[in-house]
Amino acid sequence: MKEYKMFIDGKWVAASNGSVFLVTNPATGEVLGSVPNGCNSDAKNSIEAADKAFKLWSKTTANVRSELLKKWFELIVSHKKEIAKIMTSEQGKPLQEAEAEVMYAASFVEWYAEEAKRVYGETIPAWKTDKRILVTKQPVGVVGAITPWNFPAAMITRKLAPALASGCTVVAKPAPQTPLTAIKLFELLEKAGFPNGVANLVTGNAEEIGAALMDDKRVRKITFTGSTDVGKKLMAQASNSVKRLSLELGGHAPFIVFDDADLDKAVEGALASKFRNCGQTCIASNRFYVHEKIFDTFIVKLKSMLTGLKVGNGTEEGIDLGPVIDKKSYEKISRHIEDAVARGGEVLLGGSGFHGSEVEDAGYFFYPTILSNLTEDMLIMNEETFGPIIPVIPFKTEEEVVKSANNTNYGLAAYVYTNSLSRGIKISEALEYGIVGLNDGAPSTAQTPFGGFKESGIGREGGHYGMEAFLEIKYVSIGL
């Protein structure tokens, strides 16, 4: 069994208490290796290293930071197949999809390597002739980055690349289900030549590591992707030292198809938005509203597309949907379907899964499923499912569907399909969501602001907006 290490102050180290935890393949239960079960003292060591490194790293030129990020980008791209295999083994998504995520992850590093040179200040006209006003931007300081299991490469780079580009140093904590992808990315980061302590990786006890990050005043910012419940706890903890926060939290995305939409394009968009990573994405469409005039036709086309999808181990050739991450996720998906059926819902396709492993908490797969005859009080219409289930509801008017779409505490992503430019703009503006895919089922890209309204989070990642989250604004008033 391979033994992995954490990366602290430029060194690969075991947990200070010698403890480890096992990482397993969610498709088979195979043990992939042991990883340090880091604790509070390991997190403190990382913070100390990051704080020490910040004093020098924050003063390096943008060109130096840019060149190092470019080297990291090139190494990620040249190792994309290796990283993809690691990702599939610990996360489950099909190899082709994992490789696409690696390139998506690399795109953030490339973007911020360029963006590092574009942190501009300004001069402001003074109100007196003997004064001058300058506005400059400086890195926030040490950043705590906490990442999820569903995108183990992209969520690391989407947080680290802008932080490093801006001159911040980082302590990263990956999800316990998927630390191996993060470890490989840090191996490449080390190879790129970043100074010791600039980027640190701590694996293990989430409660202890999180507490260390939240309690230490040297950590000036937390960037987190995960559940809304955990995000709320981080907000409360951050108040003690008024830390900056970037929170990318849960979603409950509506997918709206009007009667004038290109139905083939809408079905393709539904597949892209719903079945990537077996529906385990924060911007996965969760509620499908289809105009009553084209409802039956949409269902027929959707069934035709879904019946060709192959479910199984992501390492195998031709697999479209890998496993759900664990038994708990599988049970939640099943519970949503059972609740819908008990309340009068109808299963039009799928509706079940299977346990394909001798290991209790691995090997859980779910078939693509379509549900109809739904009501707004069902669990699946109110909770994020995180699975390959499409609940479809007919609607009549624009007002009706916008009201239904906005009837949630979440506001991360929404999707609209229509061939009317006027309608598309009006509906996009009316939806209370941070991201709207207008005739686009895959809106995520490195140069755009990713984030949500309401309880879906605070702040934006991606584009120049993602740099601003790691910069402080300083106003200098000069008397002549």
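Thresholds, definitions, all that
- Residues numbered from 1 in each chain as written.
- Predicted model: local features only at pLDDT ≥ 70, side-chain atom pairs only at ≥ 80, totals over all residues.
- Heavy atoms only, no water.
- Patch = residues over 30% accessible without salt bridge, like charges linked within 9 Å, V, L, I, M, F, W, Y side chains within 5 Å.
- Areas by Shrake-Rupley, 256 points an atom, 1.4 Å probe, with all protein chains shown as cover.
- Salt bridge = Lys/Arg side-chain N within 4 Å of Asp/Glu carboxyl O.
- Helix = DSSP H or I, 4+ residues; strand = E, 2+ residues; numbered from the N terminus.
- Buried < 20%, exposed > 50% of the residue type's maximum accessible area, 1.4 Å probe, protein only.
- Core = buried A, V, L, I, M, F, W, Y, C linked by side-chain atoms within 4.5 Å.
- Contact = heavy atoms within 4.5 Å.
- Phe/Tyr/Trp six-rings, centres within 6.5 Å; stacked < 30°, edge-to-face > 60°.
- Lys NZ or Arg CZ within 6 Å of the ring centre and 35° of its normal.
- 1 Å grid on protein atoms, 1.4 Å probe; cavity = no way out; pocket = protein on both sides within 12 Å on 5 of 7 lines; lining within 4 Å.
- Points joined across faces, edges and corners; volume = space filled by probe spheres on them.
- Nonpolar A, V, L, I, M, F, W, Y, C, P; charged D, E, K, R; others polar.
- Pairing = 2+ DSSP bridges.
- Axes fitted to C-alpha atoms, helices over the stretch in contact; angles between N-to-C directions.

Q: Sorry if this is basic, but what is going on with a nonpolar patch on the surface here?
A: Together, Met1, Leu22 and Val31 give the surface a local cluster of nonpolar side chains, amounting to about 310 Å² of exposed area. Examined against the element boundaries, Leu22 turns out to sit in strand E3 (residues 20-24). With relative accessibility at 46%, the residue Leu22 sits in the partly exposed group.

Q: Mind showing me how you'd approach the nonpolar core here?
A: Nonpolar side chains tend toward joint burial in soluble globular proteins. Formed by 61 residues in total, the largest nonpolar core has its most connected members in Ile256, Val257, Ile283, Phe298, Leu302, Val392 and Leu431. In terms of residues, this core owes the most to one element, helix H9 (residues 263-275), which gives 6 residues. Residues in contact with Phe298, not counting those within four places in the same chain, are Val257, Leu263, Ala266, Val267 and Val290. By size, the runner-up hydrophobic cluster in this structure holds 60 residues, among which are Tyr112, Ala145, Phe151 and Ala153.

Q: I'm lost on the packing of aromatic side chains in this one. Help?
A: Aromatic ring pairs are described here by two measures, namely the spacing of the ring centres and the angle between the planes. Under the criterion given, the structure shown has 14 aromatic pairs. Between Tyr330 and Phe366, the ring centres sit 5.3 Å apart and the planes meet at 50 degrees, which makes this aromatic pair tilted. With a gap of 36 residues between them, Tyr330 in helix H11 (residues 327-342) and Phe366 in strand E16 (residues 364-366) connect regions that are remote in the sequence. Residues Tyr330 and Phe366 agree in their burial class; the two are buried. Ring pairing ties together the aromatic residues Phe255, Phe288, Tyr415 and Tyr417, which thus form one cluster. Directly above the aromatic system of Phe450 lies the positively charged group of Arg158, at a separation of 4.1 Å from the ring centroid.

Q: In this structure, what is going on with the layout of surface pockets? I would like to understand it.
A: It is a probe the size of a water molecule, rolled over the atoms, that shows where empty space is left. Volume-wise, the largest pocket comes out at about 1,500 Å³. Around the largest pocket, the lining comprises 47 residues; the ones closest to its centre are Trp149, Phe224, Gly226, Ser227 and Val230. For the lining of the largest pocket, the elements supplying multiple residues, two or more each, are helix H7 (206-215), strand E10 (219-225), helix H8 (228-238) and H11. Top element by residues in the lining of the largest pocket is H7. It accounts for 7 residues. A per-class count over the lining of the largest pocket returns 21 nonpolar, 15 polar and 11 charged. Along its surface, the second largest pocket is lined by 26 residues, and Pro94, Gln96, Glu97, Arg276 and Asp320 are the ones closest to its centre. Every element with two or more residues in the lining of the second largest pocket is listed here: helix H4 (95-115) and H9. For the lining of the second largest pocket, the leading source of residues is H4, giving 6 residues.

Q: Please clarify how the sheet that holds strand E6 (residues 131-139) should be interpreted in this entry.
A: Backbone hydrogen bonds hold the strands of a sheet together, and the pairing may be parallel or antiparallel. With antiparallel pairing, the 3 strands of this open sheet are ordered in space as E5-E6-E24. The strands lining the two open edges of the sheet, one partner per strand, are strand E5 (122-124) and strand E24 (471-479). In this sheet, neighbouring strand axes are inclined to one another by 25 degrees on average, regardless of whether the strands run parallel or antiparallel. Sheet topology places E5 next to E6; 3 bridges connect them, and they run antiparallel. What sits directly across from Glu122, in E6, is Val135.

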